[in-house]
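Each chain, written out:
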Amino acid sequence: MTMPGDDAVRPVEEERGLAPVLPLVPRDRRGGSPAGSEDAGTRRDARSGSFAGFLEFCERRLDGDYQVDDFGYDDELTGNVLIPLMRLWYEYWFRIELRGLSNVPDTGRALLVSNHSGVLPFDALMLQVALRDHHRAARRLRTLAADLVFETPVLSHLARKAGYTLAASEDAERLLGRGELVGVFPEGYKGLGKPFSERYRLQRFGRGGYVSTAVRTRSPIIPCAIVGAEEIYPKIADLKALARLLKLPYFPVTPGFPLFGPVGLLPLPTRWIIEFGAPVGTDRHEPEAADDPGVVFEVGDEVREIVQRTLDRLVVERGDPF
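The name given to the protein chain in an unreviewed UniProt entry is 1-acyl-sn-glycerol-3-phosphate acyltransferase, with the source organism recorded as Actinorugispora endophytica.

This is how it looks when you write it as structure tokens:
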């Protein structure tokens, strides 16, 4: 999925531009609860389910015995098919350490704001797996995505099923009003497609649409820093003419792609750290302050500074990415 760009969450009436959202280790090492302290069945969906259970799941799908919400989110399909596929990358390819999971509330609305990088949005997918598998409340992340995602055949359908929705203030407010955990990547394509030479330097955080949404709904903002995704596809050039021809935000050149064709699309197995910071409260402002540029700038600048400082620290602590 690609995540929101110049304005991560913006009024629906505005024109929507393009925007961009696996080794096993004990739970305590990943920043969650001690290993064995939670119900694995609750956290891992059908991970340990029997073959008979899988057949039952397939039968229900064929019979149409399942539900989706009004955004198209299919929790059963996500938990039993899509998350297990993403989990393979999480557990057997990327070496991911989680920190600060206790900063993500067990229930209730919150807006999770993260940096974005890596050419392809593996960071959005890994964040979704981390919260569903390792948070004590197995939280579902509803990520805001760009127009391009929902204009792409097949991808659009899968994105809706997995809980992604259009990056518009109306949709974000509806989700937060239901007590959902909503994810946003304010750097958008500028972060996702930035050159390797600018790794871990945050790009512009849009125009503050996500802040307005958080203030209006009185939702806490949880800063999130992801280290590791920058190195999976080191972008050394951008074929702009080809990108324009294909109507893409960029066409990357990496050490492996397009030189080695499809093989070059295999991401490098880097070491990741995902850290969730302490929530930034918005209830100190009245909902009407959502339209105050001064408040939007103040809160947005605070969140961006937290993410950048955390990235700087984590890059040093991690050391060699491989």
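Draft legend 1. Quick look at the sheet that holds strand 6 (residues 221-227). Pairing is mixed in the open sheet, where 7 strands are placed in the order 1-9-6-2-5-3-4. With partners counted over all chains shown, the strands left at the sheet margins are strand 1 (95-99) and strand 4 (165-166), one partner each. Of the strands in this sheet, strand 1, strand 2 (110-114), strand 3 (141-145), strand 5 (181-184), strand 6 and strand 9 (271-276) touch helix 4 (residues 122-134), which is tilted by about 65° from strand 9. Against the sheet, helix 11 (residues 293-318) makes contact with strand 1, strand 2, strand 6 and strand 9, and its axis sits at roughly 30° relative to strand 6, the strand it touches most.

Draft legend 2. Here's a closer look at the packing of aromatic side chains. Tallied over the full model, the rule gives 9 aromatic pairs. A ring pair is formed by Phe 205 and Tyr 210, whose centres lie 6.2 Å apart and whose planes are at 75°; its orientation type is edge-to-face. Residues Phe 251 and Phe 257 carry aromatic rings whose centres are separated by 5.8 Å and whose planes lie at 40° to one another, so their mutual orientation is tilted. Phe 251 gets classed as buried once you look at its relative accessible area, which sits at 14%. In this arrangement the basic side chain of Arg 160 is found over the ring face of Phe 150, its NZ or CZ atom lying 4.4 Å from the centre. In this arrangement the basic side chain of Arg 304 is found over the ring face of Phe 205, its NZ or CZ atom lying 6.0 Å from the centre.

Draft legend 3. Up close: the confidence of the model for the protein chain. Model confidence for the protein chain is summarised by a mean pLDDT of 82, while 84% of its residues fall at 70 or above. Taken as a whole, residues 5-44 scores under 50 in pLDDT and shows 137 contacts with residues more than four places along the chain or in a different chain.

Draft legend 4. Geometry of the pairing of strand 1. Going residue by residue along strand 1, you find Ile 96 and Leu 98 tucked away on one face and Arg 95, Glu 97 and Arg 99 left uncovered on the opposite face. Relative to strand 9, strand 1 runs parallel, the two being bridged by 5 bridges. Its bridge partner being in strand 9, Arg 99 is matched across the sheet by Glu 275.

Draft legend 5. Local environment of the nonpolar core. If you look at the biggest cluster of nonpolar residues, it comprises 44 residues, and the most contacted ones within it are Leu 127, Leu 131, Trp 272, Ile 274 and Phe 276. Per-element accounting of this core gives the leading share, 8 residues, to helix 4. Residues Phe 205, Tyr 210, Val 215 and Val 299 belong to the second largest nonpolar core, which totals 32 residues.

Draft legend 6. Representation of empty space enclosed by the protein within the structure. As a volume, the largest cavity reaches approximately 50 Å³. Residue composition of the lining of the largest cavity, grouped by class: 5 nonpolar, 1 polar and 3 charged. In this structure, the second largest cavity spans a volume of roughly 40 Å³. Lining the second largest cavity are Tyr 73, Thr 78, Gln 128, Arg 132, Arg 140, Leu 141, Arg 142, Ala 162 and Gly 163. Only helix 4 and strand 3 provide two or more residues apiece to the lining of the second largest cavity. Per-class residue counts for the lining of the second largest cavity are 3 nonpolar, 3 polar and 3 charged.

Draft legend 7. Main features of the pattern of salt bridges. Scanning all chains against the criterion turns up 23 salt bridges. Arg 87 is the partner of Asp 133 in a salt bridge, and the nearest nitrogen-oxygen pair spans 2.6 Å. Here Asp 133 is found in helix 4, whereas its partner Arg 87 is found in helix 3 (residues 75-92), with 46 residues between them in sequence. Across the pair, exposure class does not vary: Asp 133 and Arg 87 are buried alike. Put simply, Arg 99 and Glu 97 hold a salt bridge, and the shortest N to O gap is 3.0 Å. On the basis of relative accessible area, Arg 99 is assigned to the partly exposed category, the value being 21%. The exposure class of Glu 97 is partly exposed, given its relative accessible area of 26%. Here the salt bridges do not stand alone but share partners, grouping Glu 97, Arg 99, Glu 275, Arg 313 and Glu 317 into one network.

Draft legend 8. Seen up close, helix 7 (residues 169-177). The complete set of buried residues in helix 7 reads Ser 169, Asp 171, Ala 172, Leu 175 and Leu 176. Buried residues along helix 7 cover an arc of 165° about the axis, so they all sit on one side. Note on helix 7: the residue one or two positions beyond its end, Gly 179, has a positive phi of about 85°.

Definitions and cut-offs
Residues numbered from 1 in each chain as written. Predicted model: local features only at pLDDT ≥ 70, side-chain atom pairs only at ≥ 80, totals over all residues. Heavy atoms only, no water. Pairing = 2+ DSSP bridges. Helix = DSSP H or I, 4+ residues; strand = E, 2+ residues; numbered from the N terminus. Contact = heavy atoms within 4.5 Å. Axes fitted to C-alpha atoms, helices over the stretch in contact; angles between N-to-C directions. Phe/Tyr/Trp six-rings, centres within 6.5 Å; stacked < 30°, edge-to-face > 60°. Buried < 20%, exposed > 50% of the residue type's maximum accessible area, 1.4 Å probe, protein only. Lys NZ or Arg CZ within 6 Å of the ring centre and 35° of its normal. pLDDT = per-residue confidence, 0-100. Core = buried A, V, L, I, M, F, W, Y, C linked by side-chain atoms within 4.5 Å. 1 Å grid on protein atoms, 1.4 Å probe; cavity = no way out; pocket = protein on both sides within 12 Å on 5 of 7 lines; lining within 4 Å. Points joined across faces, edges and corners; volume = space filled by probe spheres on them. Nonpolar A, V, L, I, M, F, W, Y, C, P; charged D, E, K, R; others polar. Salt bridge = Lys/Arg side-chain N within 4 Å of Asp/Glu carboxyl O. Arc of directions from axis to C-beta.

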